[in-house]
Amino acid sequence: MSDERERWNEKYNRVEWSLPDTPIPELERRLATLPDGRALDVATGTGRNARFLAANDYDVDAVDISDVALEDARARAEERDLEVNWIRADLTEFDLETDAYDVITVSFFAALEHLPALKEALAPGGVLVYEHHLRSSDAVEVGPSSERFQYRSNDLLRACLDLTILSYEERRRPVSGGIAAVATLVARNSSGGTQSYPKLPARD
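Remember, it's a predicted structure, so these values are computed and weren't measured experimentally.

K.L.:
Which residues make up the layout of surface pockets, and what values do they have?
P.N.:
Roughly 300 Å³ of volume is contained in the second largest pocket. When the residues that make up the lining of the second largest pocket are grouped by side-chain class, the tally is three nonpolar, one polar and nine charged.

See the structure below:
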């Protein structure tokens with residue numbers, strides 16, 4: 001067992017370690033505007049995004065390094081009779097298909113070095129929904145203990161400027177366990193000066 005796999009298995013075995021059961025808020029808000037088809041949930045954890053996408057008729061691949069997390073995710077999906085292709089793999093060793101996915105989700109996984117491959121895996125018109133913890137001078141209650149695993153302001157935005165940025169926001173907001181500083185990006189695999197920008201429902 002690799003050191004990373006063991007580390008994450010230990011983390012998911014902790015009683016106090018919990019993840020939200022609801023998807024990325026911006027994913028849920030934009031669902032009606034997203035292309036149908038295949039979806040990939042990166043570092044799926046207990047599968048909140050994967051289950052949401054499967055419940056909305058996507059053909060979902062969900063990748064995580066942790067056996068413990070995937071067992072939990074699979075059990076939760078089976079309770080709702082949802083089909084997801086759960087894949088136990090380190091993303092560094094996962095062979096991403098080119099132009100394969102209509103939606104890719106990443107939540108709270110520091111993966112800037114993997115973004116070139118993830119963007120290549122987006123189908124034409126495909127959408128990336130990504131959120132992650134930020135370094136912040138404000139008081140936060142949730143987030144990595146080391147700045148190494150936190151993004152600086154605009155890191156995520158700059159890494160995706162070759163996509164069409166539909167939404168980018170940096171703010172403090174409630175997450176599971178308390179308040180976090182979070183960057184949220186929605187970007188489409190498209191180019192050109194004239195594009196479509198779907199109307200969205202108001203935020204709650």
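K.L.:
Break down the pairing of strand β1 (residues 38-42) for me, with residues and values.
P.N.:
Each regular strand shows side chains that alternate between the opposite faces of the sheet. Most of β1 sits inside the fold, with four of its five residues counted as buried. Note that β1 and strand β2 (residues 59-64) share five bridges and pair parallel. When the sheet's bridge partners are listed, Asp41 is paired in β2 with Ala62. Between β1 and its parallel partner β2, the chain crosses via helix α3 (residues 48-55), and the hand of that crossover is right-handed.

K.L.:
I'd love a proper account of the sheet that holds strand β5 (residues 122-133), names of residues and values included.
P.N.:
Strand order across the open sheet formed by seven strands is β3-β2-β1-β4-β5-β7-β6, with mixed pairing between neighbours. A single partner strand is all that each edge strand has here, and the edge strands are β3 (85-88) and β6 (164-175). Neighbour-to-neighbour, the strand axes of this sheet turn through a mean angle of 15°, independent of strand direction. For strand β4 (residues 101-107) and β5, the ladder comprises six bridges, and the chain directions are parallel. Note that in β5 the partner of Val103 across the bridge is Val127. Sitting on the sheet, α3 is in contact with β1, β2, β3, β4 and β5, with an inclination near 150° to β4.

K.L.:
Quick one: what's the story with helix α4 (residues 67-79), residue by residue and with numbers?
P.N.:
The terminal C-alpha atoms of α4 lie 19 Å apart, and with 13 residues this matches the ideal 18 Å at 1.5 Å per residue to within 8%. Ala69, Leu70, Ala73 and Ala77 are the residues of α4 that are buried. Summarising the axial view, the buried residues of α4 lie within an arc of 95°, below the 170-degree limit, and thus occupy one face. Of the exposed residues in α4, those oriented more than 90 degrees away from the buried face are Glu71, Glu78 and Glu79. At the N-terminal end of α4, a side-chain oxygen is found 3.3 Å from the backbone nitrogen of Val68, two or three residues along, and the residue is Ser66.

K.L.:
Account for the nonpolar core, naming residues and giving values.
P.N.:
One finds Leu40, Phe94, Ile104, Leu118, Leu128, Tyr130 and Leu156 to be the most contacted residues of the largest nonpolar core, which totals 28 residues. Looking at this core, the elements that each hand over two or more residues are β1, β4, α5 (115-121), β5 and β7 (178-188). Here the element with the most residues in this core is β7; it accounts for four residues. What Ile104 contacts, discounting residues up to four positions off in sequence, is Leu40, Val42, Leu118, Ala121, Leu122, Val127, Leu128 and Val129. Of all hydrophobic cores here, the second largest spans 22 residues; its members include Phe52, Leu53, Ala54 and Tyr58.

Reading guide: rules and limits
Residues numbered from 1 in each chain as written. Predicted model: local features only at pLDDT ≥ 70, side-chain atom pairs only at ≥ 80, totals over all residues. Heavy atoms only, no water. 1 Å grid on protein atoms, 1.4 Å probe; cavity = no way out; pocket = protein on both sides within 12 Å on 5 of 7 lines; lining within 4 Å. Points joined across faces, edges and corners; volume = space filled by probe spheres on them. Nonpolar A, V, L, I, M, F, W, Y, C, P; charged D, E, K, R; others polar. Buried < 20%, exposed > 50% of the residue type's maximum accessible area, 1.4 Å probe, protein only. Helix = DSSP H or I, 4+ residues; strand = E, 2+ residues; numbered from the N terminus. Pairing = 2+ DSSP bridges. Right-handed = clockwise from strand over helix to strand, strands pointing away. Axes fitted to C-alpha atoms, helices over the stretch in contact; angles between N-to-C directions. Contact = heavy atoms within 4.5 Å. Expected span 1.5 Å × (residues − 1). Arc of directions from axis to C-beta. Polar contact = N/O pair within 3.5 Å; in protein donor to acceptor, adjacent residues only side chain to side chain. Core = buried A, V, L, I, M, F, W, Y, C linked by side-chain atoms within 4.5 Å.

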